[in-house]
Amino acid sequence: MTTQAGVIEPARPRLRSRSYYRWRRSILHWVGNVLTIVVVLIMLIPFIWLILTTFKQPVEFLTWPPVFFPTQPTLGNYQDVMKIPFIGRFFLNTLIIASASTFLAVTLGSAAAYALARVKFPFHLNSVLAIWILITRMYPAVATAVPYFVLIQRLGLLDKHLALIITYTSFNLPFVVWLMLGFFQGIPIDMEKAAIVDGTTMWQRFTKIVLPLAAPGLIATTILSFILGWNEFLFAVILTSLKAKTVPVVIAGFITDKGLDWGTMSALGTMLVVPVIVLAWISQRYLIRGLTLGAVKE
Amino acid sequence: MANVKFDHVTKRFGNMIAVNDLSLDIADQEFMTLVGPSGCGKSTTLNLLAGLEEPDEGELSIGDHVVNDVPPGDRNIAMVFQSYALYPHMKVFENIAFGLRIQKRPDAEIQARVKEAAELLSITELLSRKPAQLSGGQRQRVALGRAIVRHPDVFLLDEPLSNLDAILRIQMRADLRLLFNRLGSTVVYVTHDQAEAMTMSDRLAVFLAGVIQQVGTPLHVYEQPENMFVARFIGSPSINFISGHLASNDGGYRFTANDEFTIDLPAGIIKADWPAEVVLGIRPEDISLSTADNSIGVQVELMEQLGAETILHTTVGSQKLVLKQEKGTNFQHGENVSLFIPPMQIHFFNPKTEQRLM
Amino acid sequence: MDSTDIDPPLASESPPAAKRRRFSKRHISEWTTGGLFLLPAVAFLVFTSLYPLIYALVLTVYRWDLKISPEKKFIGLDNFTHAAKDVEFHNSLWVTLTFVVVTVLIEIVLGMAIALLVTREMRGVRVVRSLLLIPMVMTPVVVGILWRMLFNPDFGLFNYILSLFGADPKKLLWLGDPDLALWAVMITDIWEWTPFVTLCFVAGLTSLPVDLQKAARVDGASAWQTFWRVSLPMMKSVILVVGLLRFLDAFKVVDTIYVMTYGGPGNSTKLLSFFIYETGLKYFNIGYASTISWIFIALMFIITYYFIRERQRSERF
């Protein structure tokens, strides 16, 4: 039926049989599932292989075709890890440094972000500071590694925990400030207006009203900062040697010209990585939200 | 254009039944409105018709073809969404032309048909703009244009007027109806606004909890509501309900409200097999002010002056009664007035089943 | 809320008369308190970030090579002219550029493809999403040693799987082959970071208004057409941001290089970041390392500027 004069009657879409459509839908669905499984396998297999390797006998590392499942599982590799001198201390170092730098970064960063969100400073300081904090994230830390090393050396902080704690705090600060700034700006100021009228101080409003509301952001930044502090390698290797050494440095130390001690290395690597994975699993909601917040507007 | 047929269609979401054994026939070129409160299943029904959801049971036909499993694009339908759903990154022209480009129609044809639709809706000068630059009313017309240009068998509209301001909404009611009259289309329209449903439809279907309560022309549904829900839903202000019981009286009947007043009723209105306990329904516009014998004394609580008419909220005992009066009525708060309820306008309902008593 | 825009913060309450006097008592007390909130973080960053940055800039005009002498010597722009002629530096630039461009492009394409797979209606979406986290949070050093093992030509899993598809493992030396080593490192990086890109795209896709996809379906678009013509254009802003983030982070890769190839074989995997580390902290040619660093930093600023400008443009649909 033409509705207006002079316009051709459009061809209608071809209606095919119902079973055709049902089949097409099923097949597409199954193909999608298969592909998803393939992707998941690709993500997982290296990791699983790593863990399985830690239980293999040394002989099983050097076979072709490579062994996937250990035939005679052994805890020998883990025992070898325990035999590494001071290995306990290195784990402790990693934990202390990661925790301390996280604490510092999150507390200092949140406070700074709050001030930037709520206080209008003169001379456009708000924008200047925000941009500067953003810029520090842009270039690789290695670009300032050399003068930084000189600085730490002059302060006598080489191979001390404090050196890395300071370093990682400064790595995490820009991200914490940026993320928490976004969170704070998203909290309606009306909540604090009532408190202002009641005569509270800024610190009281910050700790009692705003922080609890921004808890998801705090969790996300805490976890991400901790992961960075736990995983960091380059500055750890630059700034520590014996006393404040962290586990990533130990692992890298296994790479020698004499070939790799696959077993011990894998075991140590697994021990380093598993806590972080567990932490990430538990906090995945917050973690993912924190990671993607920058990319996607909520 | 085509007719639509729902044949015992059921749709579940998990444990909830959204649409329950729905059977409905919509004739070719009919303007059918699905109306009801939020969550009643009307939008789901529309989505089933569109092919955005598939029924769990039953058959759905468009133009005598069963369309279960057929994807939306192949059903030759067009839909206008409450949010208009315009593609923000495309100009208005491309928005309207989108469906045609998907069908790979020749460019000349696309130009012609888009222009045609734009002229029909008076949006020709907007064709090169982007949706973000348009007002709500303009966006709605673009959404309509996108639907019209495809010459579908059935138009589906999901609360298209809800996002417009009040004045525009009322104006658009008439405009839409005229538009679809001109196109001679089959239209399925979903709304929660009973005034829209009444003024625009050829027939309307009242939904509650996934079940159709009544189907009929607006006037029929208004004058003969089949149950208390329909009576209450259709008509504004809502119908007054008075609980009470019937007893014979002097050759006729007497209705005693649970409070203090009574209404005498002639013999022909009540049937013998009716229960003693009933709910009496009377619409505000049917109540009049009168000091005749059979009147009820009430106290004025509130007056809503609409200018063209006045709505009086009154109470007698614990019973509230709302009535409409013509403009210029003016009472004091607490003033006593007399109301008359004409027996011929009364709707009786069974309080247990909520069904109309005939 | 746009995170790369600097939102002007909310002005504090003040009576209209006070606004005329910008430095009222009330303002000053607020600035002081706010300043105290701000000070520790700013102090930290000045000390650990700004100061070394400026110090490095100063050092660019000095020759300070600890192998030669512990003293600095002013040489003007000689470091820069040396950099302009330094073949190793150019090689690093080229390797880095290849690495960054290839990995980011592949990560974006793969990330989007996987995001599409994961945003369908399927059971176990939560599980898949959490599994995606694993490569991202693993210590990069461990990722490095893991893949080093996987890439072992004689005993590694990677070559084995390839041999099942008909490849000749003898020819694929991976980390031992100057032509292949960079590919090995890129594959590792892609494995490690595609999940991040995927998660960002999943967040982006799920934030798109559902009605638009419904409208496209009703208009007759297939799933692919809906994606290509409707969803993807609306994701442009997200893609740019994620691309930028990955781009910047790719320049920072050092851990995996250190552990997998140490820059080799030859110079085939000597990314700029590694080159700087080697020059400054292994060979202690501090002045030259600072120069390279600053050229690097300047490069980053320019790229970031263009990216942000492009994103501002795409914001206004």
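Residues numbered from 1 in each chain as written. Chains lettered and ligands numbered in written order. Predicted model: local features only at pLDDT ≥ 70, side-chain atom pairs only at ≥ 80, totals over all residues. Heavy atoms only, no water.

Q: Go over the overall build of chain B with me, naming the residues and quoting the values.
A: Across its full length, chain B carries eight helices and 20 strands. With respect to the three principal axes, the spread of C-alpha positions in chain B is 80 × 45 × 35 Å. When burial is assessed residue by residue, chain B has 55% of its 358 residues classed as buried. Across chain B, contacts joining residues at least 24 apart in sequence account for 64% of those joining residues at least 6 apart. Surface exposure of chain B reaches about 14800 Å², of which carbon and sulfur atoms provide 48%. (Helix = DSSP H or I, 4+ residues; strand = E, 2+ residues; numbered from the N terminus. Buried < 20%, exposed > 50% of the residue type's maximum accessible area, 1.4 Å probe, protein only. Contact = heavy atoms within 4.5 Å. Areas by Shrake-Rupley, 256 points an atom, 1.4 Å probe, with all protein chains shown as cover.)

Q: Talk me through the overall build of chain C; I want residue IDs and the actual numbers.
A: The helix and strand tally for chain C stands at 14 helices and two strands. Here the C-alpha radius of gyration of chain C, 25 Å, is well above what a compact globule of 317 residues would show, namely 20 Å. Taken over the C-alpha atoms alone, chain C extends approximately 80 × 75 × 30 Å along its principal axes. The buried share among the 317 residues of chain C stands at 54%. Of the roughly 14300 Å² of accessible surface on chain C, a fraction of 66% belongs to carbon and sulfur atoms. Across chain C, the mean location of the 30 positive side-chain charges is 7 Å away from that of the 25 negative side-chain charges. (Rg over C-alpha atoms; globule rule 2.2 N^0.38 Å. Lys, Arg positive; Asp, Glu negative; His and termini not counted. Charge placed at Lys NZ, Arg CZ, Asp CG, Glu CD.)

Q: Before we move on, can you summarise the sheet that holds strand S7 (residues 154-158) of chain B with the specific residues and values?
A: All names here are of chain B. Spatially, the six strands line up as an open sheet ordered S6-S7-S8-S3-S9-S10, and their pairing is mixed. Lying at the two open borders of the sheet, with one neighbouring strand each, are strand S6 (77-80) and strand S10 (211-216). Looking at each pair of strands side by side, their axes are set apart by 15 degrees on average, direction ignored. Judged from the four bridges that link them, strand S3 (residues 31-35) and strand S9 (residues 203-208) form a sheet pairing that is parallel. Within S9, the position partnered with Thr33 by the bridge is Leu204. Contacting S3, S7 and strand S8 (186-191), helix H5 (residues 166-183) runs over the sheet at an angle of about 165 degrees to S7. (Pairing = 2+ DSSP bridges. Axes fitted to C-alpha atoms, helices over the stretch in contact; angles between N-to-C directions.)

Q: Help me get a handle on the interface of chain A and chain C, residues and values and all.
A: The interface of chain A with chain C comprises 109 residues on the first partner and 105 residues on the second. Taken over both partners, the interface formed by chain A and chain C buries close to 9600 Å², and the fraction arising from carbon and sulfur atoms is 80%. Summed over the three residues of chain A that lose the most area to chain C, namely Met43(A), Trp64(A) and Met138(A), the buried surface amounts to 7% of that side. At the surface where chain A touches chain C, the tally comes to zero salt bridges. Counting across the interface, chain A meets chain C through 13 residue pairs in polar contact (both at pLDDT 80 or more). (Buried area = accessible area lost by both parts, 1.4 Å probe. Salt bridge = Lys/Arg side-chain N within 4 Å of Asp/Glu carboxyl O. Polar contact = N/O pair within 3.5 Å; in protein donor to acceptor, adjacent residues only side chain to side chain.)

Q: Residues and numbers for the nonpolar core, please.
A: Counting residues in hydrophobic clusters, the biggest one holds 227 residues, and the most contacted among them are Phe184(A), Leu268(A) and Met138(C). Residue contacts for Leu268(A): discarding those within four places in its chain leaves Val81(A), Ile84(A), Ile87(A), Phe91(A), Val247(A), Val250(A), Ile251(A) and Phe254(A). Ala97(B), Val114(B), Leu126(B) and Ala147(B) belong to the second-largest nonpolar core, a separate cluster that totals 38 residues. (Core = buried A, V, L, I, M, F, W, Y, C linked by side-chain atoms within 4.5 Å.)

Q: Tell me about a nonpolar patch on the surface, and please be specific about residues and values.
A: Residues and elements named next belong to chain C. Taken together, Leu97, Val101, Leu105, Ile106, Leu110 and Trp183 make up a surface patch of nonpolar side chains, about 510 Å² in accessible area. If you tally residues by element for the nonpolar patch, the top one is helix H4 (residues 87-118), at five residues. Tracing the sequence through the fold places Val101 in helix H4. A relative accessible area of 37% means that Val101 is categorised as partly exposed. (Patch = residues over 30% accessible without salt bridge, like charges linked within 9 Å, V, L, I, M, F, W, Y side chains within 5 Å.)

Q: Please give an account of the pairing of strand S19 (residues 336-340) of chain B that cites residues and values.
A: Residue and element names in this part refer to chain B. Residues Val337 and Leu339 line the buried face of S19, whereas the alternating positions Asn336, Ser338 and Phe340 sit on a face that is not buried. For strand S16 (residues 296-305) and S19, the ladder comprises four bridges, and the chain directions are antiparallel. In the sheet register, Gly297 faces S19, and the bridge partner there is Ser338.

Q: Talk me through the domain arrangement of chain B; I want residue IDs and the actual numbers.
A: Residues and elements named next belong to chain B. As far as domains go, chain B holds domain 1 (4-233) and domain 2 (240-349). Each of domain 1 and domain 2 was reduced to a C-alpha centroid, and the two centroids are 39 Å apart. Counting from both sides, the interface comprises seven residues of domain 1 and, opposite them, six residues of domain 2. Regarding the contact of domain 1 and domain 2, the summed buried area is about 650 Å², with carbon and sulfur atoms giving 64% of it. For the domain 1 face of the interface with domain 2, the top three residues by lost area are Tyr222, Met228 and Ala231, together amounting to 72%. Where domain 1 packs against domain 2, one counts zero salt bridges. Where domain 1 touches domain 2, the interface holds three residue pairs in polar contact (both at pLDDT 80 or more). (Domains from an automatic or database assignment.)

Q: Go over the sheet that holds strand S4 (residues 57-62) of chain B with me, naming the residues and quoting the values.
A: Hydrogen bonds along the backbone pair up the strands of a sheet, which may run parallel or antiparallel. Residues and elements named next belong to chain B. One open sheet holds the four strands; their spatial order is S2-S1-S4-S5, and the pairing between them is antiparallel. If you trace the sheet from one side to the other, it starts and ends with strand S2 (16-26) and strand S5 (65-66), each paired once. Packing against the sheet, helix H1 (residues 42-50) makes contact with strand S1 (4-13), S2 and S4, and its axis sits at approximately 115 degrees to S1.

Q: Break down the packing of H4(C) against helix H8 (residues 181-206) of chain C for me, citing the residues and quoting the values.
A: All names here are of chain C. For the pair H4 and H8, the least separation of the axes is 6 Å and the interaxial angle reads 40 degrees. On the basis of the axis angle, H4 is oblique to H8. Along this stretch, H4 crosses H8, giving a crossing that reads as right-handed. Partitioned by chemical class, the residues of the contact of H4 with H8 number 21 nonpolar, five polar and two charged. (Parallel < 35°, antiparallel > 145°, perpendicular 65-115°, else oblique. Left-handed = near helix turned anticlockwise from the far one by under 90°. Nonpolar A, V, L, I, M, F, W, Y, C, P; charged D, E, K, R; others polar.)

Q: Give me the pattern of salt bridges: which residues, what numbers.
A: Here the structure, examined in full by the defined rule, presents 25 salt bridges over all chains. A salt bridge links Asp69(B) to Arg25(A); the nearest nitrogen and oxygen atoms lie 3.2 Å apart. Here Asp69(B) is found in the loop between S5 and S6, whereas its partner Arg25(A) is found in helix H1 (residues 18-53) on a different chain. A salt bridge links Asp264(B) to Arg254(B), with the shortest nitrogen-to-oxygen separation between them at 2.8 Å. With Asp264(B) in strand S13 (residues 262-265) and Arg254(B) in strand S12 (residues 252-257), this residue pair connects regions lying ten residues apart in the sequence.

Q: Please provide a residue-by-residue account of the side chain of Thr261(C), values included.
A: Residues and elements named next belong to chain C. Structurally, Thr261 is set in the loop between helix H12 (255-260) and helix H13 (272-282). Using a relative accessible area of 12% as the deciding quantity, one classes Thr261 as buried. Among the polar contacts listed, one links the side chain of Thr261 to the side chain of Thr269, at a separation of 2.6 Å. Excluding residues within four positions of it along the chain, Thr261 makes contact with Leu175, Val185, Thr256 and Thr269.

Q: Break down the packing of aromatic side chains for me, with residues and values.
A: Scanning all chains against the criterion turns up 43 aromatic pairs over all chains. Judged by centre distance (5.7 Å) and plane angle (70 degrees), the ring pair of Tyr148(A) and Phe235(A) falls under edge-to-face. With Tyr148(A) in helix H5 (residues 145-154) and Phe235(A) in helix H10 (residues 234-239), the pair connects residues that are 87 residues apart, well separated along the chain. Like Tyr148(A), the residue Phe235(A) is buried in the burial classification. Taken together, Tyr114(A), Phe184(A), Trp203(A), Phe206(A) and Phe37(C) form an aromatic cluster joined through their ring pairs. (Phe/Tyr/Trp six-rings, centres within 6.5 Å; stacked < 30°, edge-to-face > 60°.)

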